[in-house]
Amino acid sequence: PTDALACAAAIGRAALGTAFLRRELRHPDRVLQPRFFRRRTFAAANAAIALSNLAMYTTLLAIPILLSQQAGWGSAEVGLVLAAMSTGMVVFSPLGGHLADRLGRRWPTVFGLCLLSLGLLPLALTGGVVATQALLGGLGVAGAGLGLSMAGMQTAALESVDLGDSGVASGVFSTSRYLGSIVGSSLLGGMLASVDGGLDVFGPVFLMAAVAAFLSVLASCGLHDRP
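We now turn to the structure provided with this report. The structure displayed is predicted, hence computed values, not measured ones.

Rules behind the numbers
- Residues numbered from 1 in each chain as written.
- Predicted model: local features only at pLDDT ≥ 70, side-chain atom pairs only at ≥ 80, totals over all residues.
- Heavy atoms only, no water.
- Helix = DSSP H or I, 4+ residues; strand = E, 2+ residues; numbered from the N terminus.
- Rg over C-alpha atoms; globule rule 2.2 N^0.38 Å.
- Expected span 1.5 Å × (residues − 1).
- Bend = angle between axes of the 7 residues up to and from the residue.
- Buried < 20%, exposed > 50% of the residue type's maximum accessible area, 1.4 Å probe, protein only.
- Contact = heavy atoms within 4.5 Å.
- Salt bridge = Lys/Arg side-chain N within 4 Å of Asp/Glu carboxyl O.
- Phe/Tyr/Trp six-rings, centres within 6.5 Å; stacked < 30°, edge-to-face > 60°.

1. Structural notes on the overall build of the protein chain
Part 1 of the reasoning: When helices and strands are tallied, the protein chain shows seven helices and zero strands.
Part 2 of the reasoning: Listed N to C, the secondary structure of the protein chain is α-α-α-α-α-α-α in terms of helices and strands.
Part 3 of the reasoning: Computed over the C-alpha atoms, the radius of gyration of the protein chain is 19 Å, within 12% of the 17 Å expected from 2.2 N^0.38 for a compact globule of 227 residues.
Part 4 of the reasoning: In terms of principal-axis extent, the alpha carbons of the protein chain reach across some 55 × 55 × 25 Å.

What follows is the structure, encoded as structure tokens:
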């Protein structure tokens, strides 16, 4: 029954996706604009946000499971650990916007995503088996990197299209953001299910997150410096 339900759901998604694409191709004012992706900066910004969100959400979802299984931590303790990443994002986001205006869109974004990759590296190398101080430091660095990169990434995407298309471009950019989080969550769920939630799976999980973060660095190199 479960397999039949999953198959029916997949067929339903495929049918809805096909219907949506047919409507979009025939509509004079499309919501989905593939032509935007012909512009290097727009394509680079969407790839970078999707990959960085995949890395971020995979990490945010995997760490509570790891800590509860490995050390028996409660929800309050896990929440305090995850706050290290959120705090870094909140503190460094204004600085990221200032640097994007002062230095251009590309390099603050590249630097921020490099910090994201660096912060996730200890988890990838150890499979999550790190000291609490190292875990907090890594998450703090990753959060700071996300905060530094977001403003330049989104601004570059919107500046790469005509002013009249900025609303649609913003929607496409947000969709790419959510797509990264959905793909990361789905891959994490599949990887955990494949080994019945054993601790051995966390090495590949965090390696996947670190690789996605590194690929987001490469993608962000395609952003423009100035509009």
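2. Focus on helix α3 (residues 75-103)
Three or four residues apart is the spacing at which side chains of an α-helix point the same way, because the helix has 3.6 residues per turn.
Part 1 of the reasoning: Taking 1.5 Å per residue as the helical rise, α3 with its 29 residues ought to reach 42 Å, and the 41 Å between its terminal C-alpha atoms agrees with that figure.
Part 2 of the reasoning: A bend of about 40 degrees at F92 is the largest found in α3, and the proline P94 appears one to four places after it.
Part 3 of the reasoning: Every buried residue of α3 is accounted for by V78, V81, L82, A84, M85, G88, G96, G97 and A100.
Part 4 of the reasoning: In this structure, the buried residues of α3 make contact with α2 (40-70), α4 (106-126) and α5 (132-159).
Part 5 of the reasoning: Residue G104 follows α3 closely and has a positive phi angle near 105 degrees.

3. Re the pattern of salt bridges
Part 1 of the reasoning: The final tally for this structure, using the stated rule, is three salt bridges.
Part 2 of the reasoning: Among the ionic pairs, E159 bridges to R105, the shortest N-O distance being 2.5 Å. In this pair, E159 sits in helix α5 while R105 sits in the loop between α3 and α4, placing the two residues 54 residues apart along the sequence.
Part 3 of the reasoning: Judged by its relative accessible area of 28%, E159 falls in the partly exposed class.
Part 4 of the reasoning: A cluster of three or more residues bridged by salt bridges with shared partners is formed by D101, R105 and E159.

4. Topic: the environment of G164
Part 1 of the reasoning: As for its position among the elements, G164 is in the loop between α5 and α6 (166-194).
Part 2 of the reasoning: Between the C-alpha atom of G164 and that of G180, which follows or precedes it by 16 residues, the distance is 26 Å.

5. Overview of the packing of aromatic side chains
Part 1 of the reasoning: As enumerated under the stated definition, the model contains three aromatic pairs in all.
Part 2 of the reasoning: Look at F36 and F42: their rings are 5.4 Å apart centre to centre, the planes differ by 70 degrees, and that puts the pair in the edge-to-face class. Neither residue differs from the other here; F36 and F42 are each classed as buried.
Part 3 of the reasoning: For the ring pair F37 and F42, a centre distance of 5.2 Å and an interplane angle of 75 degrees mean the geometry is edge-to-face.
Part 4 of the reasoning: Note on F37: relative accessible area 38%, which makes it partly exposed.

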